[in-house]
Amino acid sequence: MAKDHGPSIKDDETYEALRADGASMEKAARIANARAGGSLDARGSDLDDRTKDDLYEEAQRIGIAGRSTMTKAELVAAIRDR
């Protein structure tokens, strides 16, 4: 069972998994809270419909390395893997 990280972390299990994978505390909190709020789930369903520039900005926001050389399909896959 995940440790309770207080009211600032909305999804403790996701937060702990991201931290175990090496994400910073800030990044893990941002992603865990977005997932808990449903915004990551909504984005995942329409990734194929977004522009490459939009996908690049999303990849930049969540810290995907190597994004500048990725194709649109690679950006979609990388974002989905996060």
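Fair warning: this is a prediction, and the values are worked out from it, not measured in the lab.

Cut-offs used in this document
- Residues numbered from 1 in each chain as written.
- Predicted model: local features only at pLDDT ≥ 70, side-chain atom pairs only at ≥ 80, totals over all residues.
- Heavy atoms only, no water.
- Helix = DSSP H or I, 4+ residues; strand = E, 2+ residues; numbered from the N terminus.
- Buried < 20%, exposed > 50% of the residue type's maximum accessible area, 1.4 Å probe, protein only.
- Polar contact = N/O pair within 3.5 Å; in protein donor to acceptor, adjacent residues only side chain to side chain.
- Axes fitted to C-alpha atoms, helices over the stretch in contact; angles between N-to-C directions.
- Left-handed = near helix turned anticlockwise from the far one by under 90°.
- Contact = heavy atoms within 4.5 Å.
- Core = buried A, V, L, I, M, F, W, Y, C linked by side-chain atoms within 4.5 Å.
- Salt bridge = Lys/Arg side-chain N within 4 Å of Asp/Glu carboxyl O.

A. Here's a closer look at the environment of E58. With respect to the helices, strands and loops of the structure, E58 is situated in helix α4 (residues 52-62). Under the relative-accessibility criterion, E58 is labelled buried at 8%. A distance of 3.0 Å separates polar atoms of two side chains, one belonging to E58 and the other to R61.

B. Looking closely at the packing of α4 against helix α5 (residues 72-81). Running from amino to carboxyl end, α4 crosses α5 at an angle of 35°, the nearest separation of the two axes being 10 Å. Crossing handedness for the pair α4 and α5: left-handed. Side by side, α4 and α5 meet where K52, L55, Y56, E58, A59 and I62 of the first sit next to K72, L75, V76 and I79 of the second.

C. Structural view of the nonpolar core. Among the nonpolar cores identified, the biggest contains ten residues, and these are L47, L55, A59, I62, I64, M70, L75, V76, A78 and I79. Among the secondary structure elements, those contributing two or more residues to this core are α4 and α5. The element contributing the most residues to this core is α5, with four residues. Here I62 is in contact with K27, I79 and R82, once residues within four sequence places are set aside. Residues Y15, A28, A29 and I31 belong to the second largest nonpolar core, which totals eight residues.

D. Structural view of the pattern of salt bridges. Counted by the stated rule, this structure contains four salt bridges. The residue R80 makes a salt bridge to D48 at a minimum N-O spacing of 3.2 Å. With a gap of 32 residues between them, R80 in helix α5 and D48 in the loop between α3 (39-45) and α4 connect regions that are remote in the sequence. In this structure R80 comes out as partly exposed when scored by relative accessible area, which is 44%. In this structure, R50 engages D54 in a salt bridge whose closest nitrogen and oxygen atoms are separated by 2.6 Å. Taking relative accessible area as the criterion, D54 reaches 28% and is therefore assigned partly exposed. One network of salt bridges, in which partners are shared, links R50, D54, E58 and R61.

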